[in-house]
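# Descriptive analysis of the structure
Here is how the chains run, residue by residue.
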Amino acid sequence: MLFRSSKQVILTGIRANNDLTIGNYFGAILPMIDMAKKHSKDYQINLFIPDLHSFTTPIDHSKLQEQIMHNLRLFVAAGLPLDSPNVHIYRQSYVPAHSELAWILDCFTGVGEMNRMTQFKDKSKGLNDDRVSMGLFNYPVLMAADILLYGASYVPVGDDQSQHLEFTRDIAIRMNEKFGDLFTVPEPVKKQHEFFGKDQGLRIKDLQNPLKKMSKSDESGKGVVFLGDEPEKAAKKIMAAATDSLGKVKFDWVKQPGITNLLQIYALLVEKPQAEINARWEGETKYGELKKAVADAMAGFLQGLQARYEAVDMSAVLEKLNKSEAEMNKVANNTLELVQKAVGLR
Ligand code: TYM
């Protein structure tokens, strides 16, 4: 019996290791929800919580359950239509096939391949090797399993995950060449950007250090806007964003990364094309005015999202979660069985 959907699958996962940021929101949640709202008749939409990925770096384990439920609630507050039968929400660890497939794929993955992952290099930099977890090292393999189990073609992610997506394609192609057509190979990253109407992967930068990514695991949190921040607090973070001394607004990631980051965030918040925002602001000399406009838009956005969060009916979310998890186990087990047969385990 083939359980795999006849529809193309759009899938993404958001880790529950900390509160989510506007980077997670604009990089992955929003594109996913846009697709779910506009195209859930034609595509299968899987938005899941990769809970096994949550502790590749240390976390407070007593808060994990709460964070998982909080994130699911946020997805709904952000507009995920739970009533569509083609929309699925689930927790990775409730579908054991993810870890089983990851193990099998591990055995076809080179240590060198994982060593070349820039995110691994960044996150392990300066740490004693004995403190860097194997989970952090090979989590791209688990991520590949997350994608391949459901035959996903499109995977909206921020720019920092593009390399992992390329790896997913590589391992899928490698397995298909060795064992016949096992997996749907996700579309190349460039094609994914076209599909989501972008010219490149999104990178929201840290407000205090616009040379690095805005990250939910950032310790000080000063350069990070969390979706749960009080609107005034978030507005203050924007007003305190690091800029430059050139004194003239220009969209230029090299010379004016701080200003450019603000222009980018502004365009996303007010849902206008970047070119239109740039045309309005380029040449302005008062950075404070741009900051004020972004800060106001940010406060308004968070107010709306947080009000919708409060109104979410969690019993409907839990009902959907249980239903999706039962269905996704069938799909995932079916793919896993094909792989188990191919490698001689069955
Ligand atoms: P995670 O949880 O770190 O981040 C979730 C998503 O948010 C995007 N993102 C950003 N986008 C733009 N600017 C930023 N500053 C920014 N920060 C984060 C990430 O690119 C990501 O899309 N390994 C994944 C989770 C995962 C997954 C998967 C994703 C596990 N399995 C399968 C897709 C498919 C991760 O750690 O994302």
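Residues numbered from 1 in each chain as written. Predicted model: local features only at pLDDT ≥ 70, side-chain atom pairs only at ≥ 80, totals over all residues. Heavy atoms only, no water.

All right, on to the site of the ligand then. Neighbouring the ligand are 27 residues, the closest being Asp146, Gly158, Asp160, Ile204 and Lys216. Take Asn24: an N or O atom from its side chain is 3.1 Å from an oxygen atom of the ligand. Counted by class, the shell around the ligand contains 13 nonpolar, 8 polar and 6 charged residues. (Near = heavy atom within 4 Å. Polar contact = N/O pair within 3.5 Å; in protein donor to acceptor, adjacent residues only side chain to side chain. Nonpolar A, V, L, I, M, F, W, Y, C, P; charged D, E, K, R; others polar.)

Here we come to the pattern of salt bridges. The tally for this structure, following the rule as stated, stands at 14 salt bridges. Between Glu113 and Arg174 there is a salt bridge; the shortest N-O distance is 2.6 Å. Remark: Arg174 occurs in helix α7 (residues 162-179) and Glu113 occurs in helix α4 (residues 111-115); sequence separation between them is 61 residues. Taking relative accessible area as the criterion, Glu113 reaches 14% and is therefore assigned buried. Taking the shortest distance from any N to any O, the salt bridge between Lys213 and Asp160 comes out at 2.9 Å. Remark: Asp160 occurs in the loop between β4 (152-154) and α7 and Lys213 occurs in the loop between α8 (189-195) and α9 (231-239); sequence separation between them is 53 residues. For Lys213, a relative accessible area of 35% puts it in the partly exposed group. Assessed through its relative accessible area of 30%, Asp160 is described here as partly exposed. (Salt bridge = Lys/Arg side-chain N within 4 Å of Asp/Glu carboxyl O. Helix = DSSP H or I, 4+ residues; strand = E, 2+ residues; numbered from the N terminus. Buried < 20%, exposed > 50% of the residue type's maximum accessible area, 1.4 Å probe, protein only.)

What follows deals with the sheet that holds strand β1 (residues 8-13). Strand order across the open sheet formed by 4 strands is β3-β2-β1-β4, with parallel pairing between neighbours. Each of the sheet's edge strands pairs with one partner strand only, and the pair in question is β3 (87-91) and β4. In this sheet, neighbouring strand axes are inclined to one another by 40° on average, regardless of whether the strands run parallel or antiparallel. Pairing between strand β2 (residues 43-49) and β3: 5 bridges, direction parallel. Note that in β3 the partner of Phe48 across the bridge is Tyr90. Contacts from helix α1 (residues 22-39) reach β1, β2 and β3 within the one sheet, and its direction differs from that of β2 by about 145°. Along the sheet, helix α13 (residues 314-342) makes contact with β2 and β3, crossing β3 at roughly 85°. (Pairing = 2+ DSSP bridges. Axes fitted to C-alpha atoms, helices over the stretch in contact; angles between N-to-C directions. Contact = heavy atoms within 4.5 Å.)

Turning our attention to unusual backbone geometry. In the Ramachandran plot, Glu271 falls in the positive-phi region, its phi being about 55° despite a non-glycine side chain. Relative to the helices and strands, Glu271 is located in the loop between α10 (257-270) and α11 (274-281). A relative accessible area of 72% places Glu271 in the exposed class.

Here we take up the packing of aromatic side chains. This model, assessed by the stated rule, comprises 13 aromatic pairs. Judged by centre distance (5.3 Å) and plane angle (10°), the ring pair of Phe48 and Tyr90 falls under stacked. In this pair, Phe48 sits in strand β2 while Tyr90 sits in strand β3, placing the two residues 42 residues apart along the sequence. Counting every residue linked through ring pairs, the aromatic cluster contains Tyr43, Tyr154, Phe195 and Phe196. Sitting over the face of the ring of Tyr309, Arg73 holds its NZ or CZ atom 4.5 Å from the ring centroid. One cation-aromatic arrangement involves Arg91 over Tyr94; the distance from NZ or CZ to the ring centre is 3.6 Å. (Phe/Tyr/Trp six-rings, centres within 6.5 Å; stacked < 30°, edge-to-face > 60°. Lys NZ or Arg CZ within 6 Å of the ring centre and 35° of its normal.)

Okay, the environment of Val76 next. Relative to the helices and strands, Val76 is located in helix α2 (residues 64-77). Here the alpha-carbon distance between Val76 and Lys198, two residues 122 residues apart in the chain, equals 24 Å. With residues up to four places along the chain from it excluded, the contact list for Val76 reads Leu82, Val312 and Val317.

Let's shift gears to the side chain of Thr21. With respect to the helices and strands, Thr21 occurs in the loop between β1 and α1. For Thr21, the side chain forms a polar contact with the main-chain nitrogen of Gly23, separated by 3.0 Å. Thr21 has contacts with Met214, Ser215, Lys216, Val224, Val225, Phe226 and Leu227, leaving out every residue within four places of it along the chain.

What follows deals with the packing of α10 against α11. Where α10 contacts α11, the axes come no closer than 9 Å and their chain directions differ by 120°. It follows from the interaxial angle that α10 and α11 lie oblique. Regarding α10 and α11, the two cross each other, and that crossing is right-handed. Every residue of α11 that contacts α10 at Leu263, Gln264, Tyr266, Ala267 and Val270 is listed here: Gln274, Ile277, Asn278 and Trp281. In terms of residue class, the contact of α10 with α11 is built from 6 nonpolar, 3 polar and no charged. (Parallel < 35°, antiparallel > 145°, perpendicular 65-115°, else oblique. Left-handed = near helix turned anticlockwise from the far one by under 90°.)

If you look at the biggest cluster of nonpolar residues, it comprises 67 residues, and the most contacted ones within it are Ile22, Phe75, Leu80, Leu227, Met298 and Phe301. In terms of residue count, the dominant contributor to this core is helix α12 (residues 287-311) (11 residues). In this view, Met298 contacts Ile22, Val225, Ala234, Ile238, Ile265 and Leu269; residues no more than four positions away in its chain are not counted. (Core = buried A, V, L, I, M, F, W, Y, C linked by side-chain atoms within 4.5 Å.)

As a further point, take α9. Listing the buried residues of α9 in full gives Pro231, Ala234, Ala235, Lys237 and Ile238. Around the axis of α9, the buried residues are gathered within 155° of arc, so they sit on the same side. Buried-residue contacts for α9 involve α10 and α12. (Arc of directions from axis to C-beta.)

Just distances and angles here, no functional claims.
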